[in-house]
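# An overview of the molecular structure
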Amino acid sequence: FPDGVTRTTGATYSFLENLESDDFTRKVSNQIASNTSGGGTPGAPQVRSFDWLDFDGDGELDLAVFGSSVRVHSAADGLRDVPERDLDCIPPSTQKACSDDPEPNLVASAFAGGAITTVDGPSLIVAAFPARKLYRVQPGSPPVVMPLPFPGDGCNCQATCTMCPGMNCSCTYDCTSCVTVLAVIARDLDGDHKLDLIAIDARLRIYTATAASSFAWSAPTAIPTTFTSNTFFTAATSVTGAPR
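Counting from 1, residues in each chain are numbered in the order their sequence is written. Predicted model: local features are reported for residues with pLDDT of at least 70 only, side-chain atom pairs are reported and counted for 80 or more only, and whole-chain, interface and lining totals are derived from all residues. The side-chain quantities take in all heavy atoms of the structure and omit both hydrogens and water.

A few words on the overall build of the protein. For the protein, the helix and strand inventory stands at zero helices and 17 strands. Radius of gyration here uses only the C-alpha atoms, and the compact-globule reference equals 2.2 Å multiplied by the residue count raised to the power 0.38. Here the protein has a C-alpha radius of gyration of 18 Å; the compact-globule value for 244 residues is 18 Å, and the two agree. When the backbone C-alpha atoms are referred to their principal axes, the protein occupies close to 60 × 45 × 40 Å. The protein chains shown are the only cover counted for residues, whose accessible areas, like all others here, come from Shrake-Rupley with a 1.4 Å probe. Of the roughly 12,500 Å² that the protein leaves accessible, carbon and sulfur atoms contribute 53%. Going along the chain from the N terminus, every DSSP run of H or I of four or more residues is numbered as a helix, and every run of E of two or more is numbered as a strand.

Within the fold, aspartate 188 resides in the loop between β14 (181–187) and β15 (196–201). As a C-alpha pair, aspartate 188 and proline 151 span 37 residues in sequence and 21 Å in three-dimensional space. Contact between two residues is taken to exist if any of their heavy atoms lie within 4.5 Å; hydrogens are not considered. Residues contacting aspartate 188, with those up to four places away along its chain left out, are His193, Lys194, Leu195 and Asp196. Any pair of nitrogen or oxygen atoms within 3.5 Å is treated as a polar contact; in protein, a donor-acceptor pairing is required on top of that, and neighbouring residues in sequence qualify only through side-chain atoms on both sides. A distance of 3.4 Å separates a polar atom in the side chain of aspartate 188 from the backbone nitrogen of aspartate 190.

Attention now moves to the packing of aromatic side chains. Centre distance within 6.5 Å is the pairing criterion for rings of Phe, Tyr and Trp, where only the six-membered ring of Trp is used; planes under 30 degrees apart are then read as stacked, over 60 as edge-to-face, and the remainder as tilted. Applying the stated rule across the entire model yields five aromatic pairs. Seen from their ring centres, phenylalanine 15 and tryptophan 52 are 5.8 Å apart, and the 55° between their planes marks the pair as tilted. One end of the pair, phenylalanine 15, is in strand β2 (residues 12–20); the other, tryptophan 52, is in strand β4 (residues 47–53), with 37 residues separating them in the sequence. Owing to a relative accessible area of 29%, tryptophan 52 belongs among the partly exposed residues under this scheme. Consider the rings of phenylalanine 150 and tryptophan 217, whose centres lie 5.0 Å apart with planes at 80°: the pair is edge-to-face. Between buried and exposed lies partly exposed: a residue is buried under 20% and exposed over 50% of the maximum accessible area for its type, with that area taken using a 1.4 Å probe on protein chains only.

On to empty space enclosed by the protein, then. A cavity here means a set of 1 Å grid points, computed over protein atoms only, where a 1.4 Å probe fits but cannot escape. A pocket is an open set with protein on both sides within 12 Å along at least 5 of 7 lines, and lining residues have an atom within 4 Å of a point. Grid points are joined across faces, edges and corners, and a volume is the space filled by probe spheres set on the points. This structure, assessed with the given rule, holds two cavities of 30 Å³ or more. Of the volumes computed, that of the largest cavity is approximately 40 Å³. Elements that contribute at least two residues to the lining of the largest cavity include exactly β8 (110–118) and β9 (121–129). Counted by class, the lining of the largest cavity contains eight nonpolar, one polar and one charged residues. Put simply, the second largest cavity is a space of about 30 Å³. Gly counts as polar in this scheme, as do all residues outside two lists: the nonpolar Ala, Val, Leu, Ile, Met, Phe, Trp, Tyr, Cys and Pro, and the charged Asp, Glu, Lys and Arg.

Here we take up the nonpolar core. Core analysis: the largest hydrophobic core is formed by 16 residues, its most contacted members being Leu134, Phe150, Val181, Leu197 and Trp217. Of all the elements in the fold, those that place two or more residues in this core are β8, β9, β14, β15 and β16 (205–209). The element contributing the most residues to this core is β14, with three residues. Contact partners of phenylalanine 150, with chain neighbours within four places excluded, come to Arg132, Leu134, Val181, Ala199, Tyr207 and Trp217. Nine residue types can take part in a nonpolar core, namely buried Ala, Val, Leu, Ile, Met, Phe, Trp, Tyr and Cys, and a core is a set of them joined through side-chain atoms within 4.5 Å. Listed in part, the 14 residues of the second largest apolar core include Leu53, Ala64, Phe111 and Leu124.

Now for the state of the cysteines. Working definition: a disulfide is two cysteine sulfur atoms within 2.5 Å of each other. One pass over the structure, following the stated rule, counts three disulfides. Between the sulfur atoms of cysteine 155 and its disulfide mate cysteine 178 the distance is 1.9 Å. Here cysteine 155 and cysteine 178 share a disulfide; its torsion about the S-S bond, 70°, makes the bridge right-handed. With cysteine 155 in the loop between β11 (144–148) and β12 (158–162) and cysteine 178 in the loop between β13 (170–174) and β14, the pair connects residues that are 23 residues apart, well separated along the chain.

Strand pairing is assigned whenever DSSP identifies at least 2 bridges connecting the two strands. Read across the open sheet, the four strands follow the order β14-β15-β16-β17; overall the sheet is antiparallel. Where the open sheet ends on each side, the last strands, each with one partner, are β14 and β17 (221–222).

The next thing to look at is the side chain of serine 69. Structurally, the position occupied by serine 69 is in the loop between β5 (62–67) and β6 (70–73). Of the polar contacts made by the side chain of serine 69, one reaches the side chain of aspartate 86; its length is 3.1 Å. Excluding residues that lie within four positions of it along the chain, serine 69 makes contacts with Thr36, Ser37, Asp86, Leu87, Asp88 and Phe111.

Take a look at the structure:
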């Protein structure tokens, strides 16, 4: 029976466990309530998306959370409030080196992402904001983080900072010329029984990368829209097994 995850306001999310009672009826229990770390980043939600994968190879599904930080809940005896892995900064790291840098507000980073399993093992594909960079995170102590080349990832968002340097330093980011990735999805696109990648950026352009091409990204396909803004803040996605 499936479990679920809900997002409330701010940085809070809850894991809903599907439990069987003694009378064989089932109920949903609010098993954990947790928060992404790192603080909010202007221009990105504190909790963006969730995904499931067996990240540590113990045969049990683990919960990956993407938002102000990247969190993996993988306890074998049941998911807990505190994740077993918590990554932040650009590039993402459990060491969170940017938290020790005073200015300009380097702790302000946020993430989108998705889970994928290949012959090389499970991975998280993480998109960083404020940037247009993708990373592949694989199991390890600490997790192994590798850049995943993406079209246009050499650009930079423009930061506007106030009260810097100092403890109250804060920044906002203009990514008009460096459009960030809002969503990453894994699905078999070409019918070869291997998971491929789909990325959607803030201008609703869709990029695909197949396992057969060693995850080389295609030219984008734009989703038609009449929305007048240059960029979107979030993109809701779902995956179906229907033929393409």
